[in-house]
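Next come the chains, spelled out residue by residue.
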Amino acid sequence: KLVADNPVEVLLFEELENAKNGFKAYDVRIKTPEGRPSAFILTMPEKDGKYPLRLSFMGYGVNTTAISYNDNTISACFNAHGIETRLSAIELIQKYPELSPYGFSGEENSSNMTTYFRGMAIRNLTGLKYLKTLDNWDGENIVSTGGSQGALQATTVAAHDSDINFLDISVPWFCDLGAVREGFMTGWRPGFAEGLRYFDTVTQAMLVKCPVKVFAGLGDYVCPPSSIMALYNEINT
């Protein structure tokens, strides 16, 4: 509702040089209702037409944003933090030391209103709201995809926007956080806190209505297979 009630306002729409042949690429910022803007690299075919939309989200870290080209597709690769998309990882870490490590503060995670992952979700949903206004979107097809933390983001967006019609995630992170209290493997992630319940990838998966593809690593000690199976068992599509 917070995102839905916030009017779309473009803060930056800058065409990038040296885009792949046959495509245009843009650095985009969209104002959010609170905190940093939504930031992503947008690519689209040069040829006029109506195209499906593909959202991609990146794993944990303070990283430069990937540029993704997909044939006959509008593609948007999101920066999780709403910061510069074209600086190197070293430059970003130096400029934003407060982001290392982000999301691991027990005090922030004690409330769903203060956890870092709330702002991340707001940024991603705001960016999608803008993308659905593009004249060359076909008005029907949206794929949401990502791995690890990107899978958390892709699932959250799919949970809260019914226009997404396919969710494609790999080694999803942040799943079944409370299971550590029952003796399950923790993996690498923030410690369980009450404020994280809402943003748990399993909680989000329960709300997804579209078809889902999940790729899991059964020897994964960062995103443990038990947590991914919990997610799988809660998908109702």
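Residues numbered from 1 in each chain as written. Predicted model: local features only at pLDDT ≥ 70, side-chain atom pairs only at ≥ 80, totals over all residues. Heavy atoms only, no water.

Brief notes about the packing of aromatic side chains
Counted only if it meets this: Pairing of aromatic side chains requires ring centres within 6.5 Å, counting the rings of Phe and Tyr and the six-membered ring of Trp. Pairs whose planes differ by under 30 degrees are stacked, by over 60 edge-to-face, and all others tilted. Put simply, DSSP marks the helices as runs of H or I at least four residues long and the strands as runs of E at least two long, and each gets a number from the N terminus on. The buried label goes to any residue with under 20% of its type's maximum accessible area, the exposed label to any with over 50%, and the partly exposed label to all in between, with areas taken from a 1.4 Å probe on protein chains only. Whether a charge sits over a ring comes down to the Lys NZ or Arg CZ being within 6 Å of the ring centre and within 35 degrees of the ring normal.
Enumeration over the complete set of coordinates arrives at 17 aromatic pairs. Both rings, one in Phe-40 and one in Phe-78, keep their centres 4.9 Å apart while their planes meet at 40°; by these two values the pair is tilted. Linking Phe-40 in strand β3 (residues 38-45) with Phe-78 in strand β5 (residues 74-79), this pair joins segments that are 38 residues apart in sequence. For Phe-40, a relative accessible area of 0% translates into the label buried. Here Phe-78 falls in the buried class, since its relative accessible area comes to 1%. Judged by centre distance (5.1 Å) and plane angle (40°), the rings of Tyr-102 and Tyr-116 are tilted. Here Tyr-102 is found in the loop between α1 (89-95) and α2 (116-131), whereas its partner Tyr-116 is found in helix α2, with 14 residues between them in sequence. Here Tyr-102 and Tyr-116 have matching classes, each one buried. By the ring-pair criterion, three or more aromatic residues cluster together here, those being Tyr-60, Tyr-102, Phe-104, Tyr-116, Phe-117, Trp-173, Phe-174 and Trp-188. The ring of Tyr-116 carries the charged tip of Arg-123 above its face, separated from the ring centre by 5.5 Å. Between Arg-181 and the ring centre of Phe-192, over which it is positioned, the NZ or CZ distance is 4.1 Å.

Observations regarding the nonpolar core
To keep things clear, this is the line we draw: The set of buried Ala, Val, Leu, Ile, Met, Phe, Trp, Tyr and Cys residues whose side-chain atoms join them within 4.5 Å is what this entry labels a nonpolar core.
Grouped together as the largest cluster of nonpolar side chains are 38 residues, with contacts concentrated most on Phe-40, Leu-42, Leu-53, Leu-55, Ile-74, Leu-131 and Ile-164. In this structure, Ile-83, Tyr-96, Ala-121 and Cys-223 belong to the second largest nonpolar core, which totals 20 residues.

A look at the environment of Val-180
Convention followed: What makes two residues a contact is simply this: any of their non-hydrogen atoms within 4.5 Å.
In this fold, Val-180 is placed in the loop between β7 (166-170) and α4 (201-205). Taking the relative accessible area as the measure of exposure, Val-180 reaches 31% and is therefore partly exposed. Val-180 sits 11 residues away from Gly-191 along the chain, and the two C-alpha atoms are 8.8 Å apart. The contacts of Val-180, once residues within four sequence positions are left out, are Thr-186 and Phe-192.

A closer look at the state of the cysteines
Quick reminder of the rule: We call a pair of cysteine sulfur atoms a disulfide whenever their separation is within 2.5 Å.
Overall, the coordinates contain zero disulfides when judged by the stated rule. Cys-223 supplies the cysteine sulfur nearest to Cys-175, a cysteine that is in no disulfide, at a spacing of 7.2 Å. Relative accessible area serves as the criterion here: at 0%, Cys-175 is assigned to the buried category. This cysteine, Cys-210, is not joined by any disulfide, and Cys-175 carries the nearest cysteine sulfur, 16 Å off.

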